[in-house]
Amino acid sequence: QVQLVESGGGLVQPGGSLRLSCKASGSIFRINMMGWYRQAPGKQRELVATITSGVSTNYADSVKGRFTISRDNAKNTAYLQMNSLKPEDTAVYYCYAEAKNGALSPWRGYWGQGTQVTVSS
């Protein structure tokens, strides 16, 4: 199994910044894509940003130019730098990773427990 633990959430004023971290641990042979999703109250979970092992990135239109996803493959950790935060960015942010436990194992998706980000004055 693979465990994902997020950290870095909190309360920030509009225009402020936060940096989220997601550390993967457990039985890891390889991690392919890592990403961040978010879910606001009463809304569906939506993609925020993804990054492949080759560091190719993809962003939701709503965060382009404000958020930056990165990863440290040696540490099995992904980051989300969030700048110019808006009240509409308020949500629980979830880390996602596509990983395999061994060379012949299938790729599986794993989720973290989520971290709350609140943007409010």
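This text goes with the structure placed above it.
These figures come from a predicted structure and were not determined experimentally. (Residues numbered from 1 in each chain as written. Predicted model: local features only at pLDDT ≥ 70, side-chain atom pairs only at ≥ 80, totals over all residues. Heavy atoms only, no water.)

(A) Structural detail: the pairing of strand β11 (residues 115–119). A one-sided burial pattern is seen for β11, the buried positions being Thr-115, Val-117 and Val-119 and the unburied ones Gln-116 and Thr-118. One ladder, built from 3 bridges, connects strand β2 (residues 10–12) with β11; its direction is parallel. By the bridge assignment, Leu-11 is partnered in β11 with Thr-118. Inspection of the sheet shows strand β9 (residues 91–100) paired to β11 by 3 bridges, in the antiparallel sense. Bridging across to β11, Val-92 finds its partner in Gln-116. (Buried < 20%, exposed > 50% of the residue type's maximum accessible area, 1.4 Å probe, protein only. Helix = DSSP H or I, 4+ residues; strand = E, 2+ residues; numbered from the N terminus. Pairing = 2+ DSSP bridges.)

(B) The pattern of salt bridges, seen in detail. Tallied over the entire structure, the rule returns 4 salt bridges. Across the pair Arg-38 and Glu-46 runs a salt bridge, and its minimum N-O distance is 2.7 Å. Accessibility expressed as a relative area gives 36% for Glu-46, which makes it partly exposed. As a salt-bridge pair, Arg-38 and Asp-89 come within 2.9 Å of each other at their nearest N and O atoms. Here Arg-38 is found in strand β4 (residues 30–39), whereas its partner Asp-89 is found in the loop between β8 (77–82) and β9, with 51 residues between them in sequence. Take Arg-38 and Asp-89: they sit in the same class, and that class is buried. (Salt bridge = Lys/Arg side-chain N within 4 Å of Asp/Glu carboxyl O.)

(C) Up close: the state of the cysteines. For the structure on display, the rule yields 1 disulfide. Linked covalently through their sulfurs, Cys-22 and Cys-95 form a disulfide whose S-S length is 2.0 Å. On the S-S bond that ties Cys-22 to Cys-95, the torsion sits near -80°, and the link is left-handed. Of this pair, Cys-22 sits in strand β3 (residues 18–26) while Cys-95 is found in strand β9, placing the two residues 73 residues apart along the sequence. What makes Cys-22 buried here is its relative accessible area of 0%. (Disulfide = S-S within 2.5 Å.)

(D) Region of the structure containing the pairing of β9. Within β9, 8 of the 10 residues are buried, which leaves the element mostly enclosed by the surrounding structure. By the bridge criterion, 8 bridges tie β4 to β9 in an arrangement that is antiparallel. Following the sheet pairing, Arg-38 is matched in β9 by Tyr-93.

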